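# Architecture at a glance
The chain contents come next:
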Amino acid sequence: MRLLRIARWRTLPLALMAVMLLVLVAGCTSGTHPQSTLAPKGDYAEMVDGLFMKTVYLATIVFVIVEGALLFAIFKFRGKPTDPAPEQSHGNTLVEIIWTVIPAVVLAIVAVPTVQTIFATAKVPTTSTDGQTPMKVEVIGHQWWWEFRYPELGITTANELHVPVGRTIDLRMKSFDVIHSFWIPQFAGKRDVFPNRETRLWFTAKATGAYPGACAEFCGLQHGRMDFYVMADTPEQFATWTANRMADTMLAATGLPKPAPKPDTAAANGAVPAAAAVVALPDTMDPALATQVAEGMQLFQTKGCIGCHTSSAMSPMKGMVGPNLSGIGSRSHIAAGWLPNTDENLKRWLHDPQAVKKGVGMIIPPLTDVEVNALVAYLRTKR
Amino acid sequence: MATTVLDPTHAHAAKRSVIVEWLTTVDHKKIGILYGASAFIFFLIGGLEALIIRTQLMKPDNTLVSPEMYNQLFTMHGTTMIFLAVMPLSAMFFNFFVPLLIGARDVAFPRLNAMSFWVFLLGGLFLNASFLMGAAPNGGWFGYAPLSSRQFAGGLNMDFWVIGLQILGIASLAAGVNFFTTIINMRTPGMTLMRMPMFVWMTLITQVLVLLSFPVITVALIMLMADRTFGSSFFSWAGGGDPMLWQHLFWVFGHPEVYILILPAFGIVSEILPVFSRKPLFGYSAMVFSGSFIAFLGFGVWSHHMFSTGMGPLADSFFSLATMLIAIPTGVKIFNWIGTIWGGSLQLKTPMWFALGFIAMFIMGGLSGVMHSVAPADLQQTDSYFVVAHFHYVLFGGSIFALTAGAYYWWPKMFGRMLDEKLGMTHFWLMLIGFNLTFFPMHFAGLLGMPRRIYTYPSGLGFELYNQMATAGAFLLGVAFLVFIVNVIKTWRGPADAPADPWNGATLEWAIPSPPQEFNFPALIPVHEKDALWQMKRDAGVSRLPEPELVSGKGIHMPGPSWWPLVVAVGILIFFIGFMMKDPWAFPFRPVNILGFAITTFGIFKWAYEAPDAHAPQH
């Protein structure tokens, strides 16, 4: 009776733990986990995942054996104070040698593929799976957003890294300020970025989609809001995106009614680089909207936005401290991969960025609702 | 009562107030209790911080605490648990039990020991005082440059951290010198090194780690302080320094620190398992050598904390393999513990359950540790919640479970009272379930891509379930420790009637009354074997020795109380606070530093010329 009661009482926690494990595993397989390391979508991450799963299997075997032996011993050797003293064994050299050698062998089984994978992932492949040379991308971490530059294409963008599927991406990474860590779990492991040295990472996306990434090294106040997206495009989509970025620099006016220069801002307008003053718009734009857009463009200059931001992907001026806004109208998120890029969120941001993401570097004069709407309309044209 | 007349401690207490007695004590047992009480309060503060953190992370986009407050909370949680809870809780056991276990009347340097405690306490209070100024450290317990530099952390926050850790480092180094010397020099006749109880061995190894690793962090902190206070450029790239240097220095200290936190736990468990299995520790010498080997290798694996910095394939391979090597001696320890209970007659009392829980949980932390040693896989795991899960399995599932086991085991010896078994078992099961509910799901959160140290997370990434479970578990852990507190209060009200040897102990502390008298041993007990008390019982042919009598202690000279350790500690605190001071308290005069330096020097001078038993009771 006593034994039964003890058995029931002691199996309760075990049962609870088993239930918990089931819930966890079920939770892991169901639902969406777009940032998971367990569903690799690139060659680098696949190599790492294969190695990791090896360790998981081995660890599970070791876990079952050792915890099993422990639980068995606890149940088997329960004693009462009145029991005679057990045999006073001090050790057993043979047994001790065996259980030193077995872990060593298990570790050797892990060590060999570990070193192989370390070397396999260390070097950027010289050719992509699609036969092209890897595409260079410069990554620059900022407190708290990511800047991406394509030196071969001359494009600069922020917080949304577009890559063509099948082409190896050769990342050369630095930080503008403190240490950050660049992490897109479905493509590769983390790599820290430093202000004073270049670090390297590479990956090849195997499937199209939007993949969230995050800063993984604590970098100050808004470390929790330093996310980004990798957009793995088909080569065609990527070509379109590239063309759009390049189009941002074209000087040709495209049907936009020329904004009437206001006397007090005319001088400032003169100083504005031509590229930022041109907006590519469809010919069929609603005239009311077109006026609003024109106003927004005006405000972008007069309210000081252009002091830190440019919407030109191609000829970013040096010293642009804010994120490049080329294509901001069609990005999926704002505020570094966090807020969905809706008009509503964009307005919230423009009204008071500090209220949305405290500590962010953006300083903006107070704006009226009309002004914010105009700015949003203008930014939406940046596709 | 007759005892009050006979016991010199009590006779002495009549002349000095209780507060003065505790402020000036140099008795290693009292200092141990001071360490334990302060560390437990800091542990509760750190736990409270954890509960706020868990509540904030309960749901996505939560705004319970601001990002600034969150960063302060997790920084202080880590710093508190490591430096103000686990290390000093171990120090409680070093202080109270190392002299008893080696059959000594005191530690080698009683006043240094007192100073070590006061420096620790003042350092801990200083660190936590930062909350009152709204400027608690906010750069992580690892304080990575350049985020900890004046440029990126201009406020007092990181000053508190740098200076607080400097102060605490002095306490650890002083304790390290003291316990190393005590163990080497003060053992009772016949207790050779290979007859020492395992806890003493692990303490000795821990002190070696402290003495070799704390100078590294001390130097690193001086460099960081110089960068912050005097504008030097050790870690600033603009001035020719390198942030990477900080990482190397920090982890050369930081990894041995991990073993400083866990080796005492190994020792405690190695004492408890044999007693409650009624059979000696399995493979004593293997345990000694594996512990030493772990400590030795612990200095050669620091860069496994830095795989993501991109050190290159050769360095990654070296540190991967070196880290894997550590799994071998650690495995030997686990197998030897299982070997100890194998074939025993297990007395499943609360301390034993906690010790067994320690083994079960530490195995899991060890296995995830091996996963981290696989450098490419670690690139996915590092700085994610998988790491948070891992180190809580070794630090909480390991250290805290073992320290709790030690508390239940040695409580009767420290306070003369048995803790309640029923409440103890409730505590154990709540803690085991709460612990696993909190930290097991974090493995999954991390593998599913949740980074560490984020004050919130967006919905849509699938992190919710794991965080809800962890939060529920954290509160269960809180309840578990409430049960412990209830247990302490309840049994405190009962009579102090614990026998000298309630568990049929194997070691010398159980040969003397509970609690021990000030001089511990009326006469030194020569030993001829490991497990000296078991040997004595076998020689006497009894299962329990007769209850030891309280004796007068006449003729036994114990060091007298002293104010100077406390004075020196206060001087050290003031000296370091001086480095936080801005103009007009700063350059060129730095009056606060000078004042602190003067007090420290004066205190050391007076201490040096104070006769060892100046205020000791006369016999």
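See the structure printed just above.
What you see is a predicted model; the values in this text were computed from it and never measured. (Residues numbered from 1 in each chain as written. Chains lettered and ligands numbered in written order. Predicted model: local features only at pLDDT ≥ 70, side-chain atom pairs only at ≥ 80, totals over all residues.)

Here the focus is the overall build of chain A. Counting its regular elements, chain A contains nine helices and twelve strands. Every one of the 383 residues in chain A was classed for burial, and the buried ones make up 39%. Sequence-distant contacts in chain A: of pairs separated by 6 or more residues, those separated by 24 or more amount to 71%. (Helix = DSSP H or I, 4+ residues; strand = E, 2+ residues; numbered from the N terminus. Buried ≥ 20, exposed ≤ 12 C-beta atoms within 10 Å, placed from the backbone. Contact = placed C-beta atoms within 7 Å.)

Counting secondary structure elements, chain B contains 19 helices and zero strands. A compact globule built from 619 residues should have a C-alpha radius of gyration of about 25 Å, and chain B, at 24 Å, falls within 12% of that. Projected onto its principal axes, the C-alpha positions of chain B cover 70 × 60 × 45 Å. Here chain B, with 619 residues, has 62% of them falling under the buried criterion. (Rg over C-alpha atoms; globule rule 2.2 N^0.38 Å.)

To continue, consider the interface of chain B and chain A. How big an interface is tends to be expressed through the accessible area that disappears when the partners come together. Each partner contributes residues to the interface: chain B has 81 residues there, and chain A has 84 residues. Breaking the side of chain B that touches chain A down by element, the ones donating at least two residues are α5 (67-101), α9 (243-277), α10 (284-297), α11 (313-341), α12 (350-373), α13 (375-381) and α15 (421-447) of chain B. Among the elements that take part in the side of chain B that touches chain A, α11(B) stands out by supplying 14 residues, more than any other.

Next up on the list: the packing of helix α4 (residues 28-56) of chain B against helix α16 (residues 464-493) of chain B. All names here are of chain B. At a closest axis distance of 9 Å, the pairing of α4 and α16 adopts a crossing angle of 155°. Between α4 and α16, the crossing angle belongs to the class labelled roughly antiparallel. As α4 runs across α16, the sense of the crossing is left-handed. Contact residues: α4 offers G47, A50, L51, R54 and T55, while α16 offers A470, T471, A474, F475, G478 and F481. Among the residues making up the contact of α4 with α16, the classes are represented as six nonpolar, four polar and one charged. (Axes fitted to C-alpha atoms, helices over the stretch in contact; angles between N-to-C directions. Parallel < 35°, antiparallel > 145°, perpendicular 65-115°, else oblique. Left-handed = near helix turned anticlockwise from the far one by under 90°. Nonpolar A, V, L, I, M, F, W, Y, C, P; charged D, E, K, R; others polar.)

Our focus in this paragraph is helix α2 (residues 43-76) of chain A. Helix length check: α2(A) (34 residues) gives 49 Å between terminal C-alpha atoms against 50 Å at 1.5 Å per residue, within 8%. If you check which residues of α2(A) are buried, you get D43(A), Y44(A), A45(A), V48(A), D49(A), L51(A), F52(A), T55(A), V66(A) and A73(A). On the buried face of α2(A), the contacting elements are α3 (93-122) and β8 (199-204) of chain A together with α11, α12 and α13 of chain B. (Expected span 1.5 Å × (residues − 1).)

Let's shift gears to the sheet that holds strand β5 (residues 168-175) of chain A. Residue and element names in this part refer to chain A. Strand order in the open sheet formed by five strands is β3-β2-β1-β5-β8, with mixed pairing between adjacent strands. Unpaired on one side and paired on the other, β3 (155-158) and β8 mark the two borders of the sheet. On average, adjacent strands in this sheet sit at an angle of 25° to one another, irrespective of strand direction. When β5 meets β8, the two strands line up antiparallel, connected through six bridges. When the sheet's bridge partners are listed, R172 is paired in β8 with R200. (Pairing = 2+ DSSP bridges.)

Residues and elements named next belong to chain B. Here α5 is 35 residues long and its end C-alpha atoms lie 48 Å apart, about the 51 Å a rise of 1.5 Å per residue gives. Along α5, the sharpest change in direction is near 40° and occurs at T80. Judged by how many residues are buried, α5 sits mostly within the fold: 33 of 35 residues are covered. (Bend = angle between axes of the 7 residues up to and from the residue.)

Moving on, we get to the pairing of β5(A). Pairing of strand β1 (residues 135-142) of chain A with β5(A), which is carried by seven bridges, proceeds in the parallel orientation. Pairing of M135(A) across the sheet is with I169(A), part of β5(A).

Our next topic: the packing of α5(B) against helix α7 (residues 157-185) of chain B. Residue and element names in this part refer to chain B. Packing of α5 against α7 leaves a shortest axis separation of 12 Å and a crossing angle of 20°. Considered as vectors, α5 and α7 are oriented roughly parallel to each other. In this structure, the crossing between α5 and α7 has a hand that is left-handed. Listed contacts from α7 to T79, F83, M87, A91, F94, V98 and P99 of α5 are W161, L165, L168, S172, A175, F179, T182 and I183. Among the residues making up the contact of α5 with α7, the classes are represented as twelve nonpolar, three polar and no charged.

So, on to the sheet that holds strand β4 (residues 160-164) of chain A. Residues and elements named next belong to chain A. With mixed pairing, the five strands of this open sheet are ordered in space as β4-β10-β9-β6-β7. Each edge of the open sheet is held by one strand with a lone partner, namely β4 and β7 (191-193). For this sheet, the mean inter-axis angle between neighbouring strands, taken without regard to orientation, is 25°. Each of β4 and β10 (227-233) is contacted by helix α4 (residues 235-247), which is oriented at about 130° to β4, the strand it contacts most.

For the rest of this paragraph, the subject is the pairing of strand β9 (residues 209-215) of chain A. Residue and element names in this part refer to chain A. Burial runs high along β9: five of the seven residues are buried. Where strand β6 (residues 180-183) meets β9, two bridges bridge the pair, whose relative direction is antiparallel. Along β9, the bridge assignment pairs W183 with A214. The pairing of β9 with β10 spans six bridges and is antiparallel.

Don't take any of this as a statement about function, it's just geometry.
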